[in-house]
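Listed here are the chains, written in short residue letters.
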Amino acid sequence: MNKKLCLKLSAWIMLLFVATACSKKTEYTNAIPGDATAVFSFNLNELGKKAGGSEENKALIEKMTEALGQSNLNAATVDQLKTIVKDPKASGIDLREPVYIFRSADFPVALLAKVNNEDDLQKLIGLGEKEQACTPVAEGEGYRYTTINNQLLLAFTPTTVIMTDYGNEAATQEKMLANLATVLKQTAENSINADEGFQKAVGMKKDITLYASYAALPKMYTEALRSTMPNIPNWEGMIILGGLSFEKGQIVIDMEPYAKDAELKAYIEKQSEATLPLQNKYLSNYPPATWCYLTMGVNGEKAVSNLQETNALAILPDGQRQLLEQLLKSLRNDVSAGAFMEKGMPTVLLCAETEDENLLKTFFEKATEQHLLRKNEMIQVNDQEYVFQSLFKVYFGIKDKNLYITNGEQLYKDLMAGKNPDNEKMPYADKLKGKNSAFILNIEAICSQPEVGLAMQSMRDKELVELWQIVQKMTHIEATSDGQHAQGVIGLKDKDQNALKFIVDNIKQLAGSF
């Protein structure tokens, strides 16, 4: 492809996108096939607003119009593009409505948007034709279309525009034109709009939404996932619904599984039964400055039952698999683990409720028999108390059906003596209410460690210093689940700044460093 032509086409597309930051619901989404395996939607209008304030957008538009004036595009094209930059509605595309990218059996990838004014859209295509970026508009079956650089097809009706790749082959183009005729005239009943899962994704009202089935994943990933799932014929029909939103002071990601097939629905429900609501029984054992904290409510019996229906444990020898299953079956309710600084030493603590008070004795005896441990590595110091000795010591003990594992000697002794630490509540403890599992990375606690500060001060790489400065503007990263819905959050110190603007500003900062 001619380099000059590529630059012109890129500028044409980028101008249209940038201007969206600066406008009645139709059935244009009926053009998304009902068999779509992946659908992304982008609210460009909202994303543009969140990426910068009105003054910044105004300044950016002025710079873009100045650049157009200095380009080698013809005068008529420049005037029309300036109009579009200042008023996106002049493009003929309604960017107040979401823009969709989808994939299906007939469309490897396609972009869909709502048409606001068909005449204005044709004018925009006409600019591309003048710059030799696309062909004159031709008539299709119930739509009109143009080809862009002998690679892309752009088809449109009074309500809908679709752009897709046809691979620069005549036979493929003919087939794709037929596919376009089908989807551009299909009704809601035949489209993705008839899918309850898609409607749930749209209903999330996020800046970016996702509807994706396992069938959309590359083969290498589907094969790996298949090994962790039971023998369900239509497992590729498992769907992930997700949404990403940029809010003041945080980035929020929501995800949940969905299935149309009754057998898959039952599988999702059964998986969720392996987790239980958190009791936060061990929360006070972890100091407020805990670096990272992982906790989960566990139903050990059901967790093992679920694993036995898959091939997940098949790679283990029988003895090891049975030992692991015995360990998991004994767990009930909260299992918690965290890392923090204790008396100047990095410390890891795991706490779990177990129904088997002889768990450690049975586990270590069988582990030694199977040569998983050497006899001199594990020493029994008391009934249900053991010490693992290697480069460092790890203490294992069960007290009143509570399992403790830690490398902190004094902490271990206190726990086994019933002297539970009376720590203040962790700063993100409220995030755990109503959840079945949670992971929290306390970035502020990590950054406050003197050793971390000294390591960062010794860095001479400018790019790493810039990245470290960005990390210090964050408070924490969290991931939580109630057994059905999962949510991830990246927290920022500046609670008044929109997270997307935070990203844009820091990309600008990094761009000047690399």
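Everything in this summary refers to the structure shown in the same document. (Residues numbered from 1 in each chain as written. Predicted model: local features only at pLDDT ≥ 70, side-chain atom pairs only at ≥ 80, totals over all residues. Heavy atoms only, no water.)

Attention now goes to the overall build of the protein chain. The helix and strand tally for the protein chain stands at 17 helices and 21 strands. When each of the 514 residues of the protein chain is scored for burial, the buried share is 46%. (Helix = DSSP H or I, 4+ residues; strand = E, 2+ residues; numbered from the N terminus. Buried < 20%, exposed > 50% of the residue type's maximum accessible area, 1.4 Å probe, protein only.)

Attention now moves to the side chain of Thr 146. Counting through the fold element by element, Thr 146 comes out in strand β5 (residues 144-148). A polar atom in the side chain of Thr 146 sits 2.6 Å from the backbone oxygen of Thr 135. Not counting residues up to four positions away in its chain, the partners in contact with Thr 146 are Ile 125, Cys 134, Thr 135, Pro 136, Leu 152, Leu 153 and Leu 154. (Polar contact = N/O pair within 3.5 Å; in protein donor to acceptor, adjacent residues only side chain to side chain. Contact = heavy atoms within 4.5 Å.)

By size, the foremost hydrophobic cluster in this structure holds 30 residues, and its most contacted members are Ile 32, Val 39, Leu 112, Tyr 143, Ile 162, Leu 180 and Leu 184. When contributions to this core are tallied by element, the ones reaching two or more residues are β2 (99-103), β3 (110-114), β6 (152-156), α6 (170-184), α7 (196-202) and β9 (239-247). Per element, the largest residue contribution to this core is six residues, and it comes from α6. When sequence neighbours within four positions are dropped, the list of residues in contact with Tyr 143 reads Ala 138, Ala 155, Phe 156, Thr 157, Leu 177, Leu 180, Ala 181 and Leu 184. In terms of nonpolar packing, the next biggest core, distinct from the first, is built from 29 residues, Cys 134, Trp 468, Ile 470 and Ala 499 among them. (Core = buried A, V, L, I, M, F, W, Y, C linked by side-chain atoms within 4.5 Å.)

This structure, assessed with the given rule, holds 11 aromatic pairs. An aromatic cluster is built from Tyr 28, Tyr 100, Phe 198 and Tyr 211, whose rings are joined through pairwise contacts. (Phe/Tyr/Trp six-rings, centres within 6.5 Å; stacked < 30°, edge-to-face > 60°.)

The next point concerns the layout of surface pockets. Its volume calculated, the largest pocket comes out at about 890 Å³. What lines the largest pocket is a set of 31 residues, among which Tyr 267, Gln 271, Ser 272, Thr 275 and Gly 483 lie closest to the centre. Counting residues per element, the ones that place at least two in the lining of the largest pocket are β10 (250-258), α9 (262-272), β12 (292-299) and α10 (300-308). Of the residues that constitute the lining of the largest pocket, the class distribution is 17 nonpolar, 13 polar and one charged. (1 Å grid on protein atoms, 1.4 Å probe; cavity = no way out; pocket = protein on both sides within 12 Å on 5 of 7 lines; lining within 4 Å. Points joined across faces, edges and corners; volume = space filled by probe spheres on them. Nonpolar A, V, L, I, M, F, W, Y, C, P; charged D, E, K, R; others polar.)

Across all of its chains, the model carries 19 salt bridges by this definition. Taking the shortest distance from any N to any O, the salt bridge between Lys 302 and Glu 273 comes out at 3.7 Å. Residue Lys 302 is found in helix α10, and its partner Glu 273 is found in the loop between α9 and β11 (275-276); the two are separated by 29 residues along the sequence. On the basis of relative accessibility, which here comes to 35%, the residue Glu 273 falls in the partly exposed class. Connected through shared salt-bridge partners, Asp 94, Arg 96 and Lys 114 make up one network. (Salt bridge = Lys/Arg side-chain N within 4 Å of Asp/Glu carboxyl O.)

Looking now at unusual backbone geometry. Not every positive phi belongs to a glycine, and Asn 149 is a case in point at roughly 55°. If you trace the backbone, Asn 149 turns up in the loop between β5 and β6. Although it is not a glycine, Asn 280 sits at a positive phi angle of roughly 55°. Assignment of secondary structure puts Asn 280 in the loop between β11 and β12.

Gaps left between atoms show up when a probe the size of a water molecule is rolled over them. The volume enclosed by the second largest cavity comes to roughly 50 Å³. Forming the walls of the second largest cavity are Pro 288, Thr 290, Cys 292, Tyr 293, Met 426, Pro 427, Tyr 428, Ile 440 and Asn 442.

What follows covers the pairing of β2. Of the pairings in the sheet, the one linking strand β1 (residues 38-42) to β2 comprises five bridges and is antiparallel in character. Across the sheet, residue Phe 42 finds its bridge partner in β2, namely Val 99. Judged from the three bridges that link them, β2 and β3 form a sheet pairing that is antiparallel. Paired with Phe 102 across the strands is Ala 110, a residue of β3. Between β2 and the antiparallel strand that follows it, β3, lie six residues. (Pairing = 2+ DSSP bridges.)

With that out of the way, let us pick up helix α12 (residues 359-369). All buried positions along α12 are accounted for by Leu 359, Leu 360, Phe 364 and Ala 367. Seen end-on, α12 carries its buried residues on one side only, within an arc spanning 110°. Along its buried surface, α12 packs onto α11 (318-329), β14 (345-354), β15 (378-382), β16 (385-389), β17 (393-399) and β18 (402-406). Once α12 ends, the next one or two residues include His 371, with phi positive near 60°. (Arc of directions from axis to C-beta.)

Another point: the pairing of β9. Bridging between strand β8 (residues 208-213) and β9 involves six bridges; their strand directions are antiparallel. Across the sheet, the residue bridging to Ser 213 is Ile 239, located in β9. As defined by bridge partners, β9 adjoins β10 across nine bridges and the pair is classed as antiparallel. Looking across to β10, one finds that Leu 244 is bridged to Ile 253.

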